[in-house]
Amino acid sequence: MRPAKPVAARPVVRPVAVPDEGAGVPCPACGTPNLPERRFCRRCAAELRPTAKAAPLPWWRTVWPFRRRVRASSGGMTRFLVILLVVLALCAGGFLLMPAGRALIEDTRDKLGKAKPVTPASTEASASVPGHPAKNTTDGLSNRYWGAPATGASVTYTFRKPFRLVDVIITNGASKEPEKYALQARALQVDLEVTAEDGTTHKKELTLSDKPGDQTIATGYSDVRKVRLVLRSAVGLAQGRHLALAEVEFFQRG
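The structure contained in this document is the topic of the report that follows. (Residues numbered from 1 in each chain as written. Predicted model: local features only at pLDDT ≥ 70, side-chain atom pairs only at ≥ 80, totals over all residues. Heavy atoms only, no water.)

Looking at the overall build of the protein chain
Thought 1: In terms of helices and strands, the protein chain carries 2 helices and 10 strands.
Thought 2: Going from the N terminus to the C terminus, the protein chain shows its helices and strands as β-β-α-β-β-β-β-α-β-β-β-β.
Thought 3: Here the protein chain, with 254 residues, has 28% of them falling under the buried criterion.
Thought 4: The long-range fraction of contacts in the protein chain, counting pairs at least 24 apart against all pairs at least 6 apart in sequence, stands at 65%. (Helix = DSSP H or I, 4+ residues; strand = E, 2+ residues; numbered from the N terminus. Buried < 20%, exposed > 50% of the residue type's maximum accessible area, 1.4 Å probe, protein only. Contact = heavy atoms within 4.5 Å.)

Examining the pattern of salt bridges
Thought 1: One pass over the full model with this rule turns up 7 salt bridges.
Thought 2: For D191, the salt bridge is made with R232, and the minimal N-O distance between the two is 2.8 Å. One end of the pair, D191, is in strand β7 (residues 186-196); the other, R232, is in strand β9 (residues 214-235), and 41 residues separate them in sequence.
Thought 3: By relative accessible area, D191 is classed as partly exposed at 22%.
Thought 4: Notably, a salt bridge pairs E197 with R225, separated by 3.9 Å at the nearest N-O pair. Residue E197 is found in the loop between β7 and β8 (201-207), and its partner R225 is found in strand β9; the two are separated by 28 residues along the sequence. (Salt bridge = Lys/Arg side-chain N within 4 Å of Asp/Glu carboxyl O.)

Let's talk about unusual backbone geometry
Thought 1: Phi is positive for D223, close to 55°, though the residue is something other than glycine.
Thought 2: Topologically, D223 is positioned in strand β9.
Thought 3: In the Ramachandran plot, S233 falls in the positive-phi region, its phi being about 50° despite a non-glycine side chain.
Thought 4: Among the secondary structure elements, S233 is positioned in strand β9.
Thought 5: Judged by its relative accessible area of 37%, S233 falls in the partly exposed class.

Concerning the pairing of β8
Thought 1: Looking at chain direction, β7 and β8 are connected through 7 bridges and run antiparallel. What sits directly across from V194, in β8, is H202. (Pairing = 2+ DSSP bridges.)

Section: the pairing of β7
Every other side chain in a regular strand lies on the same face of the sheet, so the side chains alternate between the two faces.
Thought 1: In this structure, β7 lies alongside β9, joined through 10 bridges in antiparallel fashion. Residue pairing in the sheet places A196 in a bridge with V224 of β9.

Points about the packing of aromatic side chains
Thought 1: Evaluated as defined, the whole model comprises 3 aromatic pairs.
Thought 2: Their ring planes at 85° and their centres at 5.2 Å tell us that F159 and F250 sit as a pair that is edge-to-face. Taken together, the residues F159 in strand β6 (residues 154-172) and F250 in strand β10 (residues 243-253) connect sequence positions 91 residues apart.
Thought 3: Relative accessible area serves as the criterion here: at 3%, F250 is assigned to the buried category.
Thought 4: Taken together, Y157, F159, F163 and F250 form an aromatic cluster joined through their ring pairs. (Phe/Tyr/Trp six-rings, centres within 6.5 Å; stacked < 30°, edge-to-face > 60°.)

Given below as structure tokens:
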């Protein structure tokens, strides 16, 4: 038999005493105490001093050009110029849209409010046929009318104080009654001219139906002092006949 080979003796590993870290900093992951100088947990290797996360940006910092986190004073002038341009653009837009916005508000108030009648202080016509003065258009009676000799004749209504004119109701012809309506000629178009207290004039062409009864025209003019109606486009006008306008009613916002 061959002699056995000598085998070296294995080293004996002696356990190393682990220092007691019971009074150390607890691990944020597993709660094991660790010495203050440790960077990682001795049990789970979690980082003991993690880097603090940056606070979330406010909502306005998420929009360009504010969304980037930059060093102090980096790009400050650019952001300032952008903000200034945006503010100037908003101011200019608001100034340009102001009349439209005011008109929208007034129209909404007209629709929500209740209209009430307003009576003119005076009524004057450029021409009238005998027995049919212009004041007949504001007497509340539809069987009496203003008689105008021809197209181009006008009637002007003046009011005591300015008001918001929301509607005008016109009763065309000689009467509301169908058998009397066509006894005289009618104007199928009327030029409406509204004068405000500051002298501003608004003009609108009204198209009337050739039928008896009331016809409502929505207006929406503020600070009205005068209203002038000019008769156009006559129908049924012949020798011995004249234009008839039975009634004109004005309504203001209540």
